[in-house]
Amino acid sequence: MGKKRVTSGMRPTGCLHLGNLLGALTNWVRLQDEYDCFYFIVDWHALTTPGGGAAVGYENVGELQNFIREMALDWISAGLDPDKCSIFVQSSVPEVAELHLLFSMITPLGWLERNPTYRDMILGYKIESPSYGLLGYPTLQAADILAYKGEFVPVGRDQEAHVNMTRDLAQRFNSLYGKQVFPITETLLTEVPKVPGLESVEKKMSKSAGNYIAFSLSEEETTEKVKSMFTDPVKIRKDDPGHPDGCVVFAFHDIYNRPELENIRGECEKGKRGCVACKMQLAGSMNRALEPIRNKRKKLEEKPEMVEEILRAGSERARNAARETLREVREVMNLPPRKDY
């Protein structure tokens, strides 16, 4: 029996940050040894929102190709291995667009209108007139997963509901056409560390909020970012008792210096640790952890043709899988067969 199939993707937003690395990529790297993984850069999804500023959207596509390249560099540098998984760009597999169209014919409008993500995106992006593409975002997402017959989608607990639409559509399709064409995709729940932004332990690291550390930054740039982190506002002097639970630096020590965490806490609370020294210790540990990624990324930047070939080969494998799916879909829907399938 072959490996179970995992699918997942990210919108191309430029260089990724520590939240992306620790929240998703580290897990993706681990999964590629256990599953048949399809990881795609979802450039069509990026066009469902307006964009603006440096953000890619349907109103701002100037940096799209560059952001796709940056994301591919980050993924491979973080440890995704093209010999173990398929890495490609969403729009390089047109079969996904066809499946999206066919799914749209059987997707009840109420499912889309009740989708909480749709409402959240309208509010978050301050969209006055939402597009058809934004409303149909979950249908395209389902096509992304089911074109490759994805059996699992790795998500954190807070994102589990996002896969429900895919499950509902797969069940509806199978029931309508009397054949188990699609698997009922399951979530592959993963516990991920809470990665705070630079200014508060209550806010997640986010590119849109500008409170992030890109893991492609140099050692010096990373250290400067750590120096800017929020610490205990009532700890003015080194010998003042600290309150580490509200400190961003301490939250990152829990990720990068966990074996020393209790000692760090004790020294902080007893006024034996200054914030500057605490930040420099964190910067050192963070930079040591990021050094292999930076080194690999630098080598890849010098070989752009290698990254292009990885994406090309990944899209070819993905298209082969998607063609098989669409051949079966067209057959059960009594559509004319296509010679290229």
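Bear in mind that the values here come from a model prediction, so they are computed numbers and not experimental data. (Residues numbered from 1 in each chain as written. Predicted model: local features only at pLDDT ≥ 70, side-chain atom pairs only at ≥ 80, totals over all residues. Heavy atoms only, no water.)

Lay out the overall build of the protein with the relevant residues and their values.
Per the secondary structure count, the protein includes 14 helices and five strands. In terms of overall size, the protein behaves like a compact globule, its C-alpha atoms giving a radius of gyration of 22 Å where 341 residues would be expected to give roughly 20 Å. Seen along its three principal axes, the alpha-carbon backbone of the protein occupies a region of about 75 × 45 × 40 Å. Within the protein, buried positions represent 50% of all 341 residues. (Helix = DSSP H or I, 4+ residues; strand = E, 2+ residues; numbered from the N terminus. Rg over C-alpha atoms; globule rule 2.2 N^0.38 Å. Buried < 20%, exposed > 50% of the residue type's maximum accessible area, 1.4 Å probe, protein only.)

With reference to specific residues and values, describe the domain arrangement of the protein.
Its domain assignment divides the protein into domain 1 (5–194 + 304–332) and domain 2 (217–298). Using only C-alpha atoms to locate each centre, domain 1 and domain 2 end up separated by 35 Å. At the interface, 12 residues of domain 1 touch eight residues of domain 2. Taken as a group, Leu18, Leu22 and Ser77 account for 53% of the area that domain 1 buries against domain 2, more than any other trio of residues on that side. Counting every contact that joins domain 1 to domain 2 gives two salt bridges. Taking the shortest distance from any N to any O, the salt bridge between arginine 297 and aspartate 74 comes out at 2.7 Å. Counting only elements with at least two residues in the side of domain 1 that touches domain 2, the list comes to α1 (18–31) and α3 (64–78). (Domains from an automatic or database assignment. Contact = heavy atoms within 4.5 Å. Buried area = accessible area lost by both parts, 1.4 Å probe. Salt bridge = Lys/Arg side-chain N within 4 Å of Asp/Glu carboxyl O.)

Describe in detail the environment of arginine 265, supporting the description with residues and values.
Structurally, arginine 265 can be placed in helix α12 (residues 261–269). The spacing of arginine 265 and lysine 203 is 62 residues in sequence and 21 Å in space, taken between C-alpha atoms. If near-sequence neighbours (up to four positions away) are discounted, arginine 265 is found in contact with Pro244, Asp245 and Phe250.

Could you give an account of the pattern of salt bridges, with specific residues and numbers?
According to the stated counting rule, one finds 24 salt bridges in the structure shown. For lysine 227, the salt bridge is made with glutamate 224, and the minimal N-O distance between the two is 3.4 Å. Of this pair, lysine 227 and glutamate 224 are both found in helix α10 (residues 219–227), three residues apart, which corresponds to roughly one turn of the helix. Assessed through its relative accessible area of 42%, lysine 227 is described here as partly exposed. With a shortest N-O distance of 3.3 Å, arginine 265 and glutamate 269 are connected by a salt bridge. Residue arginine 265 and its partner glutamate 269 are located together in helix α12, separated by four residues, close to a single helical turn.

Tell me about the pairing of strand β1 (residues 5–10), and name the residues and values.
Remark: a regular strand shows side chains that alternate across the two faces of the sheet. Judged from the six bridges that link them, β1 and strand β2 (residues 36–41) form a sheet pairing that is parallel. Residue pairing in the sheet places methionine 10 in a bridge with isoleucine 41 of β2. Viewed along the sheet, the connection from β1 through α1 into β2 turns out right-handed. (Pairing = 2+ DSSP bridges. Right-handed = clockwise from strand over helix to strand, strands pointing away.)

Please set out unusual backbone geometry residue by residue, giving values where relevant.
The phi torsion at lysine 126 lies on the positive side, around 55°, for a residue other than glycine. Within the element layout of this structure, lysine 126 appears in the loop between α6 (116–124) and α7 (132–135). Look at lysine 126 and you get exposed, because its relative accessible area is 72%. The backbone of lysine 149 sits at a positive phi, close to 50°, despite the residue not being glycine. Here lysine 149 lies in the loop between α8 (137–146) and β4 (152–155).

Break down the pairing of strand β5 (residues 186–189) for me, with residues and values.
Alignment of β4 against β5, held across four bridges, turns out to be parallel. Directly across from phenylalanine 152, in β5, lies its bridge partner glutamate 186. Between the parallel elements β4 and β5, the chain passes through helix α9 (residues 164–177) in a crossover that is right-handed.

So, a nonpolar patch on the surface: which residues are in play, and what are the values?
A grouping of Leu47, Tyr58 and Val61 is seen on the molecular surface, where their side chains present a nonpolar patch of about 250 Å² in accessible area. Tracing the chain through its elements places leucine 47 in the loop between α2 (43–46) and α3. (Patch = residues over 30% accessible without salt bridge, like charges linked within 9 Å, V, L, I, M, F, W, Y side chains within 5 Å. Areas by Shrake-Rupley, 256 points an atom, 1.4 Å probe, with all protein chains shown as cover.)

Give me the lowdown on the side chain of asparagine 211, citing residues and values where you can.
Locating asparagine 211 in the fold gives a position in the loop between β5 and α10. Residue classification places asparagine 211 among the buried positions, given a relative accessible area of 3%. Among the polar contacts made by the side chain of asparagine 211, one reaches the side chain of glutamate 199 at a distance of 3.3 Å. Of the polar contacts made by the side chain of asparagine 211, one reaches the backbone oxygen of lysine 204; its length is 3.2 Å. Apart from the residues lying within four places of it in its own chain, the contact partners of asparagine 211 are Gly197, Leu198, Glu199, Lys203, Lys204, Met205 and Ser206. (Polar contact = N/O pair within 3.5 Å; in protein donor to acceptor, adjacent residues only side chain to side chain.)

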